[in-house]
Amino acid sequence: MNRLAKEKSPYLRHAASQKIAWYPWSDRAFDKAREQDKPVFLSSGAIWCHWCHVMAKECFEDEEIAELLNEHFISIKLDRDERPDIDRRYQNAVSAMGFGGGWPLSVFLTPEKKPFFGGTYFPPDDSLGRPGFKKVLKSVADFFSSKRDLVAEYSQKLTDSLKQKSFTEGDIQEAAVQDAVIKILSQFDTTHGGFGSAPKFPMPGAIQLLMNRYYLQRMHSFGYAINKTLESMAKGGFHDQLGGGFHRYSVDEAWIVPHFEKMADDNAWLLRNYLDAFSIFSNEYFKDVARGIIHFLTDTLSDPEGGFYASQDADVTPEDEGGYFTWTETDFRNVLNQEEYQVLTLHLLHDRGSMHHDKSKKVLFISTEPGAIAKNLGIDQQTVADRINSGKKKLLKERNKRVSPFIDTTLYTSLNGLVITSFLKAFKVLKDSSLKEFAMKSLQRILQEHNVDNELFHTGQVKALLDDYIYLIEALISAYEVTGDAYYANHAVNLTDLCVEKFWDKDEGGFFDTDGEVLGIRLKGIEDIPHPSANAVGILLLQKLYCITGEKKYDRFAEMSLKIFSPQTKDIGIHAGYYFCAMDAYFHMLKLTVQTTPTHALAEAARSLSYPYVSYVYQADKGCIIPCLREVCYEPLKSPEGFQDFFRKHLKIEPG
């Protein structure tokens, strides 16, 4: 009997009609495995995942495979968005087996929840060098029944290997930040922008570090890498050229063909990157890209009552990967007039965007700039721009008529905290009060619905993880910064103290990902995978809380975290980008004691600063702002122009 129909997760409900006797993650499933002396098959994935849908159609809807699973296994379906803590541990296990990681995750467990074999996507029969799932199931079932001692021994060794060893404390050195920047730049792709080779993720933590250091140092190489990366990503098919927002990652080096799912967290971080880039470089294109992200998040991933949804699926059907987002030349001819068709085919429709399963379908990306099109066609550039604008509107209107990919409307605390903070940042940069209003409305909803009786929840009845606490605290501090309302600062302090109580490693420092052991393991990481780690964000927030409250304990927690993760970051390179932002902030955090009303022109000028590390503390109105850098305070500033002089005189920085 399939037991998924009443689950809250849309991913689990999606599998409710399959003939497999699926269980949700539960003790009942493992009790049944012990009773029947069977291994457990765990399938972990997400509603947005293309290959999860492919494997579901090819394997889980296959009658022979369903019979094999029902006869020889107890089968569990897991939503990795709902239970990232469980998924993370089994991802580590499969990686330790040498089979990589990703989704769908397919892992075989003993009735004691210990992994002994696994992989990711399996085709139903042997194909493209991958073993068929039917063969895998038969082999695993036979191995479990005939080699029980070996299964027990190997699964125990593997489980033991997943437990983290003790950390060694390192140093907090400003030179380490500069070394990290040099390492990141060594991976910079000078041809296509971004870092490393395909597949390419945007790595917003690394981008942010480069941007922050560019502001402080004005090194041309930093600025070039930032602009090249942000422009290349925005002009590629990785960026939705019609609807705004970004897909999850690019399968090629040039950012042309993406994996098509669109995630709230990815877009929240990229929104921050593009807003900061606009503030620093005054590039209107970056502002347009930021507005496009906001448009996507507002129109597609938001609840009118407040709150942000989790994701948009990659596909409508797994057979037509990216079908909703791709176009044929015939589509263009049918939708556009001749003048628009002539321009838009040159601008967005190119063979390099062809899909592997159907070459006639293409991902839209900017292959030819308007200036080159104008020169090629012998018309003025404004006419080209007008045709691009009108043509894109027609294409988007036509796309909106298509059956759209599924939207996961789950309100996760962590994702909402992320997007709320990004919207409040957008309000400060773009001066659009509607962004602030919706962010505050969303924050209140999350606080009311997910924070119950001094217990925070990830969603539903799932207790909050570290990410939920950190990103909600970040949203509360951001709300305090834009409103000056002590309610939000006090709430952030209370939630931080609770977070420390539940997640802080009292022996070494740093935060664990869960408030207790999950599968006998607590994990403590600093990696950006690929977006910034909760521990890195937490270090920055602790520094801000020290400024806001004057409580030395928060500064001490930040120092302990920086020291305990310091040796580890030497091995993970670009994946420690945001950790080094936190370390950079340790040396350059600017505390502004705002002794004006929050709506005063001086306060608004302070909130508009592009300086990368700022903490705001509101006090009684005395008509000034007092700037402090670490333990040194300077003369009060009494006009917006005073910031310019302060930056030049004391920080030796040309403001911008």
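Here the structure is a predicted model, which means the values were calculated and not measured.

Rules and cut-offs
- Residues numbered from 1 in each chain as written.
- Predicted model: local features only at pLDDT ≥ 70, side-chain atom pairs only at ≥ 80, totals over all residues.
- Heavy atoms only, no water.
- Helix = DSSP H or I, 4+ residues; strand = E, 2+ residues; numbered from the N terminus.
- Rg over C-alpha atoms; globule rule 2.2 N^0.38 Å.
- Buried < 20%, exposed > 50% of the residue type's maximum accessible area, 1.4 Å probe, protein only.
- Contact = heavy atoms within 4.5 Å.
- Areas by Shrake-Rupley, 256 points an atom, 1.4 Å probe, with all protein chains shown as cover.
- Lys, Arg positive; Asp, Glu negative; His and termini not counted.
- Charge placed at Lys NZ, Arg CZ, Asp CG, Glu CD.
- Phe/Tyr/Trp six-rings, centres within 6.5 Å; stacked < 30°, edge-to-face > 60°.
- 1 Å grid on protein atoms, 1.4 Å probe; cavity = no way out; pocket = protein on both sides within 12 Å on 5 of 7 lines; lining within 4 Å.
- Points joined across faces, edges and corners; volume = space filled by probe spheres on them.
- Expected span 1.5 Å × (residues − 1).
- Pairing = 2+ DSSP bridges.
- Axes fitted to C-alpha atoms, helices over the stretch in contact; angles between N-to-C directions.
- Salt bridge = Lys/Arg side-chain N within 4 Å of Asp/Glu carboxyl O.
- Core = buried A, V, L, I, M, F, W, Y, C linked by side-chain atoms within 4.5 Å.

A.B. asks: Mind laying out the overall build of the chain, listing which residues take part and the relevant values?
C.D. replies: Counting secondary structure elements, the chain contains 25 helices and 17 strands. Over its C-alpha trace the chain gives a radius of gyration of 26 Å, about what one expects of a compact globule, namely 26 Å for 656 residues. Taking the principal axes of the C-alpha coordinates as reference, the chain spans close to 80 × 70 × 45 Å. A burial count over the chain gives 59% of its 656 residues as buried. In the chain, of all internal contacts separated by at least 6 residues, the share reaching a separation of at least 24 is 68%. Per element, the accessible surface of the chain, about 26100 Å² overall, is 49% carbon and sulfur. When the 76 positive and 90 negative side-chain charges of the chain are each reduced to one mean point, those points stand 1 Å apart.

A.B. asks: Quick one: what's the story with the packing of aromatic side chains, residue by residue and with numbers?
C.D. replies: One pass over the full model with this rule turns up 44 aromatic pairs. A centroid spacing of 6.2 Å and a plane angle of 75° characterise the contact between phenylalanine 60 and phenylalanine 133, whose relative ring orientation is edge-to-face. With phenylalanine 60 in helix α3 (residues 50-60) and phenylalanine 133 in helix α6 (residues 133-146), this residue pair connects regions lying 73 residues apart in the sequence. Seen in terms of ring centroids, phenylalanine 99 and phenylalanine 117 are 5.5 Å apart; in terms of plane orientation they differ by 70°. Their pairing is edge-to-face. Of this pair, phenylalanine 99 sits in the loop between α5 (84-96) and β4 (105-109) while phenylalanine 117 sits in strand β5 (residues 115-119); the two residues are 18 residues apart in sequence, bridging distant segments of the chain. Here phenylalanine 99 falls in the partly exposed class, since its relative accessible area comes to 41%. By way of ring pairs, the aromatic residues Trp22, Phe41, Phe60, Phe73, Phe99, Phe108, Phe117, Phe122 and Phe133 are connected into one cluster.

A.B. asks: Explain empty space enclosed by the protein to me, using residue names and the numbers behind them.
C.D. replies: If you walk through the whole model with that rule in mind, you get 3 cavities of 30 Å³ or more. Roughly 70 Å³ of volume is contained in the largest cavity. Along its surface, the largest cavity is lined by Gly237, His239, Asp240, Gln241, Leu242, His247, Phe325, Trp327, Val363, Leu364 and Arg399.

A.B. asks: Explain unusual backbone geometry to me, and be specific about the residues and the numbers.
C.D. replies: Leaving glycine aside, a negative phi is the common case for residues, and trans is the common case for peptide bonds. In this chain, tryptophan 103 is followed by proline 104 through a cis amide linkage whose omega measures 5°. Here proline 104 shows up in the loop between α5 and β4. Note that the residue after isoleucine 529, namely proline 530, is joined by a cis bond; omega there is -10°. Positionally, proline 530 belongs in the loop between α20 (486-503) and α21 (534-549). Backbone geometry places aspartate 37, a non-glycine residue, at a positive phi of 55°. Structurally, aspartate 37 is set in the loop between α2 (27-36) and β2 (40-45). Look at asparagine 454: it is not a glycine, yet its phi comes out positive at around 65°.

A.B. asks: Residue-level account of the environment of phenylalanine 643, with values.
C.D. replies: Examined against the element boundaries, phenylalanine 643 turns out to sit in helix α25 (residues 640-651). C-alpha separation for the pair phenylalanine 643 and leucine 609, spaced 34 residues apart in sequence, amounts to 8.8 Å. Residues in contact with phenylalanine 643, not counting those within four places in the same chain, are Leu592, Leu602, Ala605, Ala606, Leu609, Ile625 and Leu637.

A.B. asks: Any chance you could break down α3 for me, citing the residues and the numbers?
C.D. replies: Within α3, 8 of the 11 residues are buried, leaving the element largely enclosed by the surrounding structure. When we look at burial in α3, the residues that qualify are His50, Cys52, His53, Val54, Met55, Ala56, Cys59 and Phe60.

A.B. asks: An account of helix α18 (residues 433-450) is needed here, citing residue identities and associated values.
C.D. replies: Helix length check: α18, at 18 residues, gives a terminal C-alpha distance of 26 Å against a target of 26 Å (1.5 Å per residue), a fit within 8%. Considered for burial, the residues of α18 that qualify are Leu435, Phe438, Ala439, Met440, Ser442, Leu443, Arg445, Ile446, Leu447 and His450. Contacts from the buried residues of α18 go to α12 (284-299), α17 (413-430), β11 (451-452), β12 (455-459), α19 (466-483) and α20.

A.B. asks: Run through the sheet that holds β5, naming residues and quoting values.
C.D. replies: A sheet is described by the order of its strands in space; here 5 strands give the open sequence β1-β3-β2-β4-β5, paired in mixed fashion. Edge positions in the sheet fall to β1 (22-24) and β5, since each of these pairs with one other strand and no more. This sheet shows a mean twist of 25° between the axes of neighbouring strands, independent of strand direction. Those strands touched by α2 are β1, β2, β3 (74-79) and β4, and its axis lies near 160° from that of β3. Each of β1, β2, β3 and β4 touches α3; the most contacted strand, β2, lies at about 145° to it.

A.B. asks: Talk me through the pattern of salt bridges; I want residue IDs and the actual numbers.
C.D. replies: All told, the structure shown has 43 salt bridges when counted by the stated rule. For the salt bridge of lysine 19 with glutamate 63, the shortest nitrogen-to-oxygen distance reads 3.1 Å. Separated by 44 residues along the polypeptide, lysine 19 in the loop between α1 (10-14) and β1 and glutamate 63 in helix α4 (residues 63-72) bring together distant segments of the chain. For lysine 19, a relative accessible area of 60% gives the class exposed. Note that arginine 88 and aspartate 513 form a salt bridge whose closest N and O atoms lie 2.8 Å from each other. One end of the pair, arginine 88, is in helix α5; the other, aspartate 513, is in the loop between α20 and α21, and 425 residues separate them in sequence. For arginine 88, a relative accessible area of 28% gives the class partly exposed. What makes aspartate 513 buried here is its relative accessible area of 9%.

A.B. asks: If you had to explain the nonpolar core to someone new, which residues and values would you point to?
C.D. replies: Among the nonpolar cores identified, the biggest contains 141 residues, and Tyr274, Tyr579 and Tyr611 are the most heavily contacted of them. Filtering out sequence-adjacent residues up to four positions away, tyrosine 579 remains in contact with Ile526, Ala536, Ile539, Ser561, Leu562, Phe565, Ser566 and Thr569. Among the nonpolar cores identified, the runner-up in size contains 34 residues, and Phe60, Leu68, Leu69 and Leu137 belong to it.

A.B. asks: Would you mind going over the sheet that holds β11 in detail, with residue names and values included?
C.D. replies: For sheets, the rule is that strands pair by backbone hydrogen bonds, running either parallel or antiparallel. With antiparallel pairing, the 3 strands of this open sheet are ordered in space as β11-β12-β13. The outermost strands of the open sheet, each flanked by one partner alone, are β11 and β13 (462-463). Looking at chain direction, β11 and β12 are connected through 2 bridges and run antiparallel. Residue pairing across strands places asparagine 451 opposite leucine 456, the latter belonging to β12.

A.B. asks: Kindly report on the pairing of β5, identifying the contributing residues and their values.
C.D. replies: On any regular strand, side chains alternate: one points to one face of the sheet, the next to the other face. Burial analysis of β5 places 4 of its 5 residues in the buried class, which makes it a mostly covered element. Where β4 meets β5, 4 bridges bridge the pair, whose relative direction is antiparallel. Paired with valine 107 across the two strands is glycine 118, which belongs to β5. Between β4 and β5, which pair antiparallel in sequence order, lie 5 residues; one of them, lysine 113, sits at a positive phi of approximately 75°.

The values are spatial; any link to function lies outside them.
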